[in-house]
Amino acid sequence: MMDLLLTEDWDLTLDLNGNIAVCEAPYSIAQQAANEIKLFEGEGWYDRSQGTPHFAKTLGVNSNLGLIRNVLLDRVNGVDDVFRSDIDMYIDSSRVLHGNIFITSKSGEMINVVY
């Protein structure tokens, strides 16, 4: 699976030949999983069903970590080539959610996404 390679600022970057850089699995799987979590539902340019329903389920309501965990796992497990995933997460004293997503790809590769 190939994808466009994005920078830490979620921008395109160029390869050594000046072409738009691409990446392959397992990095592309990790990047797509992170994108599903960061993207708000309905904001996808070509596919409005992509993204996480933050407004409907996780923000502005008294959500619990179990609900947030299930919503995030649902989005990650919907990424192509993801066989299964698990999440280890916590909220710090500033109320910021942190954690790791552990992905097993359909080919058996183990991928870790830190958020």
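J.: I would appreciate a short explanation of the overall build of the protein chain in the present structure.
T.: Tallying secondary structure elements over the protein chain gives 3 helices and 5 strands in all. Moving toward the C terminus, one meets the helices and strands of the protein chain in the order β-β-α-α-α-β-β-β. Here the C-alpha atoms of the protein chain give a radius of gyration of 15 Å, agreeing with the 13 Å that 2.2 N^0.38 yields for 115 residues. Taken along its principal axes, the extent of the C-alpha atoms in the protein chain is 50 × 30 × 30 Å.

J.: Before we go on, may I ask you to explain the pairing of strand β4 (residues 97–105) in this structure?
T.: Every regular strand shows the same layout, with side chains that alternate between the two sheet faces. Pairing between strand β3 (residues 82–91) and β4: 9 bridges, direction antiparallel. Bridge pairing links D88 to N100 in β4. Counted between consecutive antiparallel strands, the loop separating β3 from β4 contains 5 residues, among which R95 sits at a positive phi close to 65°. Sheet topology note: the β4/strand β5 (residues 110–114) ladder contains 5 bridges and is antiparallel. Paired with N100 across the two strands is V114, which belongs to β5. Connecting the antiparallel pair β4 and β5 is a turn made up of 4 residues, with G108 showing a positive phi of about 95°.

J.: Where do I start with helix α1 (residues 27–38) in this structure?
T.: Count 3.6 residues to each turn of an α-helix, and residues three or four apart come out pointing the same way. Over its 12 residues, α1 extends 16 Å from the first C-alpha to the last, a length consistent with the 16 Å expected when each residue adds 1.5 Å. With 9 of its 12 residues buried, α1 lies for the most part within the structure. Taken together, the buried positions of α1 are S28, I29, A30, Q31, Q32, A33, A34, E36 and I37.

J.: What exactly am I supposed to notice about the sheet that holds β5 here?
T.: Neighbouring strands of a sheet are bound in pairs by backbone hydrogen bonds; such pairs are parallel or else antiparallel. Sheet architecture is open: 3 strands sit in the order β3-β4-β5, paired in antiparallel fashion. Because the sheet does not close on itself, it has two edges, and the strands there are β3 and β5. Going across the sheet, the axis of each strand differs from the next one's by a mean of 15°, ignoring polarity. Each of β3 and β4 is contacted by helix α3 (residues 65–77), which is oriented at about 150° to β3, the strand it contacts most.

Conventions we followed
- Residues numbered from 1 in each chain as written.
- Predicted model: local features only at pLDDT ≥ 70, side-chain atom pairs only at ≥ 80, totals over all residues.
- Heavy atoms only, no water.
- Helix = DSSP H or I, 4+ residues; strand = E, 2+ residues; numbered from the N terminus.
- Rg over C-alpha atoms; globule rule 2.2 N^0.38 Å.
- Pairing = 2+ DSSP bridges.
- Expected span 1.5 Å × (residues − 1).
- Buried < 20%, exposed > 50% of the residue type's maximum accessible area, 1.4 Å probe, protein only.
- Axes fitted to C-alpha atoms, helices over the stretch in contact; angles between N-to-C directions.
- Contact = heavy atoms within 4.5 Å.

Geometric descriptors of this kind do not, in isolation, establish any biological role.
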